[in-house]
Amino acid sequence: NGITYYIAFDNYWNSSEFDFDLSETALTCPSTFPLTEDFDSANQFYGCYTVEDNDGDCDAWVQKTLKLDLSSSYFNTFAQSLTSGSSQNNWLFSPPLTLVNGTDYVINFKFNGANGTNPADESLEVVLIDAAASTGNVLKSLYIDTNIVQTGTLAQLETMATAPSINYTSTASGTYYLGFHITSPSNAASLFLFDYDITFTAGVGDFEKN
């Protein structure tokens with residue numbers, strides 16, 4: 001996007017020379033249905049998703065890869081809403097999605113509260129919105145949950161996560177975004193969003209076109 005960046009090296013090396021390589025890989029953002037996101041790729045998360053830190057504490061949604069169950073070889077990947085101890089008001093917006101009026105969509109996602117120094121106590125709203133910004137127009141509020149607590153132990157966070165399945169028939173055609181909006185009181189812990197997927201079936205609009 002025309003932004004200039006610099007690579008800065010510290011001074012903790014010896015008198016021998018050293019080499020470094022800089023490479024790039026084309027980034028493909030998920031945008032077509034069926035769509036599945038499991039937050040495995042940090043590059044995809046930071047290159048394709050939009051994060052909005054409305055509470056201004058410089059902590060918001062991040063991508064994490066952690067082994068929650070230390071007895072297992074499996075690493076969990078998820079999006080986490082961080083907090084510095086202040087109240088949370090953070091948004092995570094998906095890449096652009098093209099919706100078709102009259103088409104039936106199924107939106108599934110999986111989340112759990114995560115205790116830290118303090119217990120989890122989050123509220124989550126999931127919306128379809130016409131911009132990757134909280135100032136956009138909400139097409140549909142799909143899901144609301146409040147006072148979310150941790151379910152299960154740390155090792156069970158993903159297996160015991162809440163997993164809503166939302167059926168939605170689009171009332172408009174156009175480009176929209178899936179927005180995950182988290183709020184919490186001060187000193188609440190965090191929320192883990194493990195994955196989401198969107199599928200569709202033929203709706204009224206598709207039959208009319210056929």
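The text that follows walks through the structure, step by step, so that each part is easy to find. (Residues numbered from 1 in each chain as written. Predicted model: local features only at pLDDT ≥ 70, side-chain atom pairs only at ≥ 80, totals over all residues. Heavy atoms only, no water.)

**Looking at the nonpolar core**
1) Next: Core analysis: the largest hydrophobic core is formed by 32 residues, its most contacted members being F109, L178 and F180.
2) Next: Counting residues per element, the ones that place at least two in this core are α1 (42–48), β6 (97–99), β7 (104–114), β8 (122–129), β9 (138–148), β10 (165–169), β11 (174–184) and β12 (190–201).
3) Next: F109 has contacts with L124, V126, Y143, T162, A163, P164, I166, F180, L193, D195 and Y196, leaving out every residue within four places of it along the chain.
4) Next: Counting 7 residues, the second largest nonpolar core, distinct from the first, contains L68, A161, F192 and F194. (Core = buried A, V, L, I, M, F, W, Y, C linked by side-chain atoms within 4.5 Å. Buried < 20%, exposed > 50% of the residue type's maximum accessible area, 1.4 Å probe, protein only. Helix = DSSP H or I, 4+ residues; strand = E, 2+ residues; numbered from the N terminus. Contact = heavy atoms within 4.5 Å.)

**Regarding empty space enclosed by the protein**
1) Next: Enumeration over the complete set of coordinates arrives at 1 cavity of 30 Å³ or more.
2) Next: There is about 40 Å³ of room inside the largest cavity.
3) Next: Surrounding the largest cavity, F33, L99, Y105, I107, L128, Y168 and I198 form its lining.
4) Next: Across the lining of the largest cavity, the residue classes tally to 7 nonpolar, no polar and no charged. (1 Å grid on protein atoms, 1.4 Å probe; cavity = no way out; pocket = protein on both sides within 12 Å on 5 of 7 lines; lining within 4 Å. Points joined across faces, edges and corners; volume = space filled by probe spheres on them. Nonpolar A, V, L, I, M, F, W, Y, C, P; charged D, E, K, R; others polar.)

**Side note on the state of the cysteines**
1) Next: Scanning the model with the defined rule gives 1 disulfide in all.
2) Next: Here C29 pairs with C48 through a disulfide, and the sulfurs are 2.0 Å apart. Between C29 and C48, the S-S dihedral sits near -85°, and the bridge is therefore left-handed. Remark: C48 occurs in helix α1 and C29 occurs in the segment before β1 (35–37); sequence separation between them is 19 residues. (Disulfide = S-S within 2.5 Å.)

**Section: the pairing of β11**
1) Next: When you tally the buried positions in β11, you get 8 out of 11 residues, the bulk of the element.
2) Next: Pairing geometry for strand β5 (residues 88–93) and β11, over 6 bridges, is antiparallel. Across the sheet, L92 pairs through a bridge with F180, a residue of β11. (Pairing = 2+ DSSP bridges.)

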